[in-house]
Structures are given as C-alpha cells and as structure tokens.
Amino acid sequence: MAKITFVAHDGATHEVQASTGETLMEVARNNNVPGIDADCGGACACATCHAYIPESWAAKMPEMDPLEEDMLDFAEGQIPGRSRLSCQIKVTEEMDGLTVDLPESQG
C-alpha cells in the first residue's frame, strides 16, 4: 500500500491508500477524488485523467510511451516535465507519500 495525496487546484486535499498495481486514475476514481473524470475508463483515449507529478518524483514514474505523449496534446494546462495521464501510472510501494496535483481545467 502507498499513501497518495491528490491536491485539487483550489488546494483541497484527498489523501488515499493505494494498492500496488492500481493506476493513479483507478485510485482517484475508486476514492471519489474530484477532478479525475476518466471518461475512457483508463484506455489512454481521452486525457480527462491529466495530472501533475512533481519533478522530484519523475525518476520513480514509468516512462511515458508515445500514445500517452500524443494524448497529452488534448489536455489543457500542460506543464512540461510534470504533465502525465494518471491512467498510465501504476502504483508501486516506492510511490508512498506521492502528491499529485490536479489541473484547474478538471476542477
């Protein structure tokens, strides 16, 4: 299990427990975190699970594949080096303490 904190654009925080192997999108959706709509259900086809990962955590994240890079073009408010699709990031024990910021456009 890993403790993940989702932070909405307005500063509201949602601290949840995540099981290893779940995606960040599944964790958010299963815990009713507002701002992660996941319209495509995690198929990397919509960008409604856009999130910002702190640069300090980049080395612990899986590499972005070309499909995720292409789909991020549809996300509002991209931040180079921080924008990711949460459906493409599987939780590992090393992610315990991760804070994920959510974009204003998904508030």
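Rules and cut-offs
Residues numbered from 1 in each chain as written. Predicted model: local features only at pLDDT ≥ 70, side-chain atom pairs only at ≥ 80, totals over all residues. Heavy atoms only, no water. Helix = DSSP H or I, 4+ residues; strand = E, 2+ residues; numbered from the N terminus. Buried < 20%, exposed > 50% of the residue type's maximum accessible area, 1.4 Å probe, protein only. Contact = heavy atoms within 4.5 Å. Salt bridge = Lys/Arg side-chain N within 4 Å of Asp/Glu carboxyl O. Patch = residues over 30% accessible without salt bridge, like charges linked within 9 Å, V, L, I, M, F, W, Y side chains within 5 Å. Areas by Shrake-Rupley, 256 points an atom, 1.4 Å probe, with all protein chains shown as cover. Lys, Arg positive; Asp, Glu negative; His and termini not counted. Charge placed at Lys NZ, Arg CZ, Asp CG, Glu CD. Core = buried A, V, L, I, M, F, W, Y, C linked by side-chain atoms within 4.5 Å.

Trainee: Whenever I open this one, the environment of Thr-23 confuses me. Can you help?
Mentor: Tracing the sequence through the fold places Thr-23 in the loop between strand 2 (13-18) and helix 1 (24-30). A residue is classified by how much of its surface remains accessible, and Thr-23, at 7% relative accessible area, is buried. On a C-alpha basis, the gap between Thr-23 and Val-33 in space is 14 Å, while along the polypeptide they are 10 residues apart. Here Thr-23 is in contact with Ser-86, Cys-87, Ile-89, Lys-90 and Val-91, once residues within four sequence places are set aside.

Trainee: Help me understand the pattern of salt bridges in this model?
Mentor: For side chains of opposite charge, pairing can occur when their charged atoms come near one another. Counted according to the given criterion, the structure contains 2 salt bridges. A salt bridge links Glu-68 to Arg-84; the nearest nitrogen and oxygen atoms lie 2.8 Å apart. Taken together, the residues Glu-68 in helix 2 (residues 66-72) and Arg-84 in strand 4 (residues 83-85) connect sequence positions 16 residues apart. Using a relative accessible area of 8% as the deciding quantity, one classes Arg-84 as buried. In this structure, Asp-101 engages Arg-82 in a salt bridge whose closest nitrogen and oxygen atoms are separated by 2.8 Å.

Trainee: Please explain unusual backbone geometry as it appears in this structure.
Mentor: In most cases, non-glycine residues show a negative phi, while peptide bonds are predominantly trans. In this structure, Ala-38 is a non-glycine residue whose phi angle is positive, near 55°. Tracing the chain through its elements places Ala-38 in the loop between helix 1 and strand 3 (50-52). Located in the positive-phi region is Cys-44, a residue other than glycine, with phi close to 60°. Within the secondary structure, Cys-44 sits in the loop between helix 1 and strand 3.

Trainee: Looking at this model, I keep getting lost on a negative patch on the surface. Mind explaining?
Mentor: A surface patch of like charges, here negative, comprises Asp-65, Glu-69, Asp-70 and Asp-73. Looking at the secondary structure, you find Asp-73 in the loop between helix 2 and strand 4.

Trainee: I keep staring at the nonpolar core and nothing clicks. Help me out?
Mentor: Ile-4, Phe-6, Leu-24, Ile-53, Leu-85, Leu-98 and Val-100 are the most contacted members of the largest nonpolar core, which has 30 residues in total. Every element with two or more residues in this core is listed here: strand 1 (2-7), strand 2, helix 1, helix 2 and strand 5 (98-101). Here this core takes 4 residues from helix 1, the largest share from any one element. Residue contacts for Leu-98: discarding those within four places in its chain leaves Lys-3, Ile-4, Thr-5, Leu-24, Ile-53, Pro-54, Trp-57 and Met-61.

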